Amino acid sequence: LAFTRRMLVVDRKITGATQLLQPLNFDIAHTNQRLLFKINTSAINPSNALDQIKVVILQNLRWDNAIQGVKPTFYVGNNLEYSSNDDAITFPAGSEWRWLDVQSFRYQSDRVQRVNYGKTYTEVFLKPDGDRSRQPYLFYRDYDGAYFIQTTESINPYYQTDYATTHFFFVPPDHAPWPDKDLYVLGQFTGGGLNDSTKMTFNAEAGRYEWSCLLKQGFYNYSYVTVDRADPNRRPSFEFTEGNHIETENMYTILVYYRALGARVDEL
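Residues numbered from 1 in each chain as written. Predicted model: local features only at pLDDT ≥ 70, side-chain atom pairs only at ≥ 80, totals over all residues. Heavy atoms only, no water.

Student: It is not clear to me how the packing of aromatic side chains should be interpreted in this structure. Could you clarify?
Tutor: Geometrically, a pair of aromatic rings is defined through the distance of the ring centres and the angle of the planes. Taken as a whole and assessed by the stated rule, the structure comprises 16 aromatic pairs. Between Y143 and F148, the aromatic rings sit 5.0 Å apart at their centres with planes inclined by 80°, giving edge-to-face as the arrangement. On the basis of relative accessibility, which here comes to 31%, the residue Y143 falls in the partly exposed class. For F148, a relative accessible area of 35% gives the class partly exposed. Note on F168 and F189: the rings are 6.2 Å apart at their centroids and 15° apart in plane angle, and the pair reads as stacked. Of this pair, F168 sits in strand β13 (residues 163-171) while F189 sits in the loop between β14 (181-186) and β15 (201-203), placing them 21 residues apart in sequence. (Phe/Tyr/Trp six-rings, centres within 6.5 Å; stacked < 30°, edge-to-face > 60°. Buried < 20%, exposed > 50% of the residue type's maximum accessible area, 1.4 Å probe, protein only. Helix = DSSP H or I, 4+ residues; strand = E, 2+ residues; numbered from the N terminus.)

Student: Looking at this structure, how should I read the sheet that holds strand β4 (residues 62-68)?
Tutor: In sheet architecture, strand pairing relies on hydrogen bonds along the backbone and comes in two forms, parallel and antiparallel. Here 3 strands make up an open sheet; going across it, the order is β4-β3-β19 and the pairing antiparallel. Each of the sheet's edge strands pairs with one partner strand only, and the pair in question is β4 and β19 (252-258). The sheet shows a mean angle of 30° between the axes of neighbouring strands, direction not considered. Pairing geometry for strand β3 (residues 53-59) and β4, over 3 bridges, is antiparallel. Its bridge partner being in β4, V56 is matched across the sheet by Q68. (Pairing = 2+ DSSP bridges. Axes fitted to C-alpha atoms, helices over the stretch in contact; angles between N-to-C directions.)

Student: I'm lost on the pattern of salt bridges in this one. Help?
Tutor: Pairs can form between side chains of opposite charge once their charged atoms are near each other. Taken as a whole, this structure holds 15 salt bridges when the rule is applied. Here R106 makes a salt bridge to E153, at a shortest N to O gap of 3.3 Å. Of this pair, R106 sits in the loop between β8 (98-101) and β9 (112-117) while E153 sits in the loop between β12 (147-149) and α2 (157-160), placing them 47 residues apart in sequence. With a relative accessible area of 66%, R106 lands in the exposed category. Taken together, the shared-partner salt bridges in this structure form one network comprising R98, R111, D129, R132 and E242. (Salt bridge = Lys/Arg side-chain N within 4 Å of Asp/Glu carboxyl O.)

Purely spatial values, then, with no claim about function.
Structure representation (structure tokens):
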């Protein structure tokens, strides 16, 4: 097996409407975002919508923190309304994503500290990143964790771009590792998952976490997340690395799955 890639085949039949609100719980009112939505299933007219309809809510196309198993609050005719008052559909908002511009290996962009040029390889060393969790919210344009393969040094980015081993560094507070947490690099270029290939290693001599991967020339969004080792669900957190701000611009996707009577698979 060389690689896997998730894909979705969508049949656009239903309509819906969404709202993004402040959570009711005061403890997370300034750090999380609450999603309300309703869908109209007239086009498929399910005989038992509560059993045949399932929804999955994604934040920035991430599957590691997807919310699923939520039941509609109201069900009238073919209209399903998800507007629970218990903050059931609530996401930590995070901050705007960090960025890396490696469209050119010769022109070193603002996030690049230095580049090593070899006869058969290129190494890009990024400037060390620090903790942003205590900083106030700052808006700037990002791509919600996405990346783009492109270059300023040739014409066709798909056939004429090069690769570089790229080194990421994160400096924790007091240059000390978290005793009960693991640190990961997160972005669509990592597949949106948390595993051994995206886990950072702490360098005690340098007092920082380090991680390397092979990247093609392009523009990348990324963030750092921690995972509590005692958490069986391995839920990622921005709390100790990026911070959470309700003002953060995020993209939400609502996937509606329908299984017809007698069918063996779900339709999306």
